[in-house]
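Read off the chains here:
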Amino acid sequence: MNVAVFAHRGASGTHPENTESALVEAMRLGVEGVELDVHLSLDDELIVIHDATVDRTSNGTGQVRSMRWEEISQLDAGAWFGNQFAGQRFLRLDEALDVLEGDVRLNVHIKAYEHDRVELVTRCVRRLTNRGLLERAFISSDQQTVVLARRVNQHLKVCMGCAPPVEKSLHLAHAVGCTFLQPGHAVTTPELVAAAHAKGMVVNPFYADTEAEMRRLIDCGVDGILTNYPAVLQDLLKRMAETDVT
């Protein structure tokens, strides 16, 4: 069953998202890809975090863009998920990339806003370029952000989401040169996947955490699936492959 398993924010169903523990677990499982999120701090560090604030996923409060790395690095980013993860810290992008070695694909979701888009995109794309990761990394974000990312480096692979009306989203993604399409799982249909494939795009919907939805997306013909529970998807794919053989 040739469907790529993308660990969403690392193995975030069983480990605190976007932390070293979640990334290490994803690598231990041998997933094909890892998705992570990047914000910019006050002192222009690339911080791996999904939210614009540290409130939900740490013992601190405040906007990432209003905090310096020295302050962010002192926060506990694991105890909120479980006592066994107490002491996990937020990572800078370079630190996350150090964990994600080998040939694992990197889905780098740039969380840009009007006030920091140019600086964040430029720094992130140049970091991936300088580390020689363009063969296995791609940027995912909104249309404005991915267009800017391609201006920084025309060889960069980019990805956009796909929201209703899906026909318009698909057209826009193709128009800006997206290699990947990342539709919400609810709007993913065989027709959408076929239309994206016809335009040469890889389809990796987000996200599916139940076997029922994983099976439905697989039946749609997707190329990969983002999931918070990569081990569940791996097990399902293994069982489906064994069934096909027999």
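Just above, that's the structure.
Just so you know, these numbers come straight off a predicted model, no measurement behind them. (Residues numbered from 1 in each chain as written. Predicted model: local features only at pLDDT ≥ 70, side-chain atom pairs only at ≥ 80, totals over all residues. Heavy atoms only, no water.)

Caption draft 1: Structural context of the pairing of strand S6 (residues 137-140). Residues of S6 alternate between two faces, with Ala137 and Ile139 on one and Phe138 and Ser140 on the opposite face, all of them buried. Bridge count between strand S5 (residues 105-110) and S6: four bridges; the pairing is parallel. In the sheet register, valine 108 faces S6, and the bridge partner there is isoleucine 139. Between S5 and its parallel partner S6, the chain crosses via helix H4 (residues 117-130), and the hand of that crossover is right-handed. (Buried < 20%, exposed > 50% of the residue type's maximum accessible area, 1.4 Å probe, protein only. Helix = DSSP H or I, 4+ residues; strand = E, 2+ residues; numbered from the N terminus. Pairing = 2+ DSSP bridges. Right-handed = clockwise from strand over helix to strand, strands pointing away.)

Caption draft 2: Broad picture of the pattern of salt bridges. According to the stated counting rule, one finds 19 salt bridges in the structure shown. With a shortest N-O distance of 2.8 Å, glutamate 25 and arginine 28 are connected by a salt bridge. Taken together, the residues span about one helical turn, with glutamate 25 and arginine 28 both in helix H1 (residues 20-29) at a distance of three residues. For glutamate 25, a relative accessible area of 15% gives the class buried. Since its relative accessible area comes to 58%, arginine 28 is described here as exposed. Note that arginine 123 and aspartate 44 form a salt bridge whose closest N and O atoms lie 3.8 Å from each other. (Salt bridge = Lys/Arg side-chain N within 4 Å of Asp/Glu carboxyl O.)

Caption draft 3: Up close: unusual backbone geometry. Cis geometry marks the peptide bond from proline 164 to proline 165; its omega dihedral reads -5°. Of note in the backbone geometry, arginine 9 takes a positive phi value of approximately 60° without being a glycine. With respect to the helices, strands and loops of the structure, arginine 9 is situated in the loop between strand S1 (4-8) and H1.

Caption draft 4: Structural view of the side chain of serine 21. Relative to the assigned elements, serine 21 resides in helix H1. Since its relative accessible area comes to 14%, serine 21 is described here as buried. Setting aside residues up to four positions removed in sequence, serine 21 forms contacts with His15, Pro16, Phe85 and Gln88. (Contact = heavy atoms within 4.5 Å.)

Caption draft 5: Inspection of the side chain of serine 73 at higher detail. With respect to the secondary-structure elements, serine 73 resides in the loop between helix H2 (69-72) and strand S4 (91-92). Judged by its relative accessible area of 17%, serine 73 falls in the buried class. In this structure the side chain of serine 73 is engaged in a polar contact, spanning 2.9 Å, whose partner is the backbone oxygen of glutamate 70. (Polar contact = N/O pair within 3.5 Å; in protein donor to acceptor, adjacent residues only side chain to side chain.)

Caption draft 6: Spotlight on helix H8 (residues 211-220). If you check which residues of H8 are buried, you get Glu213, Met214, Leu217, Ile218 and Cys220. Down the axis of H8, the sector holding all buried residues measures 155°, keeping them to one side. In H8, the exposed positions that point more than 90 degrees away from the buried face belong to Ala212 and Asp219. Looking one or two residues past H8, glycine 221 carries a phi angle of roughly 90°, positive in sign. (Arc of directions from axis to C-beta.)

Caption draft 7: View of the packing of aromatic side chains. This structure, assessed with the given rule, holds four aromatic pairs. On the numbers, 6.3 Å between centres and 70° between planes, the contact of phenylalanine 6 with phenylalanine 138 is edge-to-face. Remark: phenylalanine 138 occurs in strand S6 and phenylalanine 6 occurs in strand S1; sequence separation between them is 132 residues. The same class applies to phenylalanine 6 as to phenylalanine 138, namely buried. (Phe/Tyr/Trp six-rings, centres within 6.5 Å; stacked < 30°, edge-to-face > 60°.)

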